[in-house]
Amino acid sequence: MSQHSQYTHANEIVEKINLILGKFEGYRSLHADGRLYKGIFRANENASKYSRAVHFSGNEIPVSIRFSKGGGDPYAHFNATVGMAVRFYLPDGRVTNLVMLSQKLFIANTVEQFRELLDAGLPTEPGGKPNLEGLKAFLAKNPNSAKVFQMRAESPAPISFANTEFNSIHAFLLSNNKKAVTPVRFHWEPTDGIKGQPVENLSDKDIHILYDELEERLGQQPVTFNLVVELAESGDPLNDATALWPEQRKRVIIGTLSVIHAASEKEFGDTVMNHDPTALTDGIDVTDDPIIQIRRGVYEVSAAQRSGGWHNQCPFGFGRGSN
């Protein structure tokens, strides 16, 4: 993609997401409801074989973790999609992010296809519900997207963030000190095992149930995840967020994350916490996947809208939009 092309259509995309899912002032357009936690990450000896990234050196790295509910309505019940955004606070003062979902794939593989999907789902009248007939017509013409929607519809809901696997959905390119490049997908695998439940079980539960359950666990001991890289082989698509790699692809544990306790934006000195998945560091690069490229612009637009923009932030205090 050309320089700055990640911002092309970003405003339009955020506007249409808000029209379909609803706009809630001060909240993210997607994964609106979330809570922050503090933790520690430590890479193991495998990590540096694949990447020279500083947080893969084996030193203890402080992190923030935002667990979130899928969708744009912060007052909705939990469903089958939850998110886990991890920010690593590097020794030189910079940060880098790993943004993952409980789902394995995205619902479109080009910006044009995603825009067409949004157009198909726009309500037929102001404030109306998503256009289901339009979405059905879109899915009939786009089998790759239809397969992802079907997979998501069949996926179980979590019983706990601590028993949920999270997936990067995009491929990344890892470079080590010998300049060897390895394409991978990242996963957070819960050390307590993966467990799920029917989505219907959450429909009449408190809207904060998974956060409360996690915080009860954290009152007893940290919750841990292994960071795993799934290694691509020749022919595996690196720029298609709607395509899985074969199940037999090798997976290697490269580190462990410990979630320690609940936290707030003030503890991290950042009221916006924009978890841009392209905010990377030397040793990790994005591919030419157009969806991850556009996400940078979309995240910036959403962050500016919920926070009132840079001019509405206090130089040394804390502005609004901290959800």
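Caption draft 1: The arrangement of the layout of surface pockets in detail. Quantified by volume, the second largest pocket comes out at close to 310 Å³. Of all the secondary structure elements, the ones that give two or more residues to the lining of the second largest pocket are helix 5 (143-154) and strand 5 (157-158). A breakdown of the residues in the lining of the second largest pocket according to their chemical character gives 6 nonpolar, 7 polar and 4 charged.

Caption draft 2: Spotlight on empty space enclosed by the protein. What the rule picks out here adds up to 2 cavities of 30 Å³ or more. Around the largest cavity, the lining residues are N18, G22, K23, F24, E25, G26, Y27, R28, S29, S302, Q305 and R306. With 3 residues, the top contributor of residues to the lining of the largest cavity is helix 8 (residues 290-307). Per-class residue counts for the lining of the largest cavity are 2 nonpolar, 6 polar and 4 charged. Within this model, the second largest cavity holds a volume of roughly 50 Å³.

Caption draft 3: Structural view of the pairing of strand 1 (residues 34-43). Two elements, strand 1 and strand 2 (residues 60-69), share 9 bridges in a ladder whose sense is antiparallel. Paired with F41 across the strands is I61, a residue of strand 2. As judged from the 7 bridges shared by strand 1 and strand 11 (residues 251-262), these two strands associate in the antiparallel manner. By the bridge assignment for strand 11, K38 is matched with H261.

Analysis parameters
Residues numbered from 1 in each chain as written. Predicted model: local features only at pLDDT ≥ 70, side-chain atom pairs only at ≥ 80, totals over all residues. Heavy atoms only, no water. 1 Å grid on protein atoms, 1.4 Å probe; cavity = no way out; pocket = protein on both sides within 12 Å on 5 of 7 lines; lining within 4 Å. Points joined across faces, edges and corners; volume = space filled by probe spheres on them. Helix = DSSP H or I, 4+ residues; strand = E, 2+ residues; numbered from the N terminus. Nonpolar A, V, L, I, M, F, W, Y, C, P; charged D, E, K, R; others polar. Pairing = 2+ DSSP bridges.

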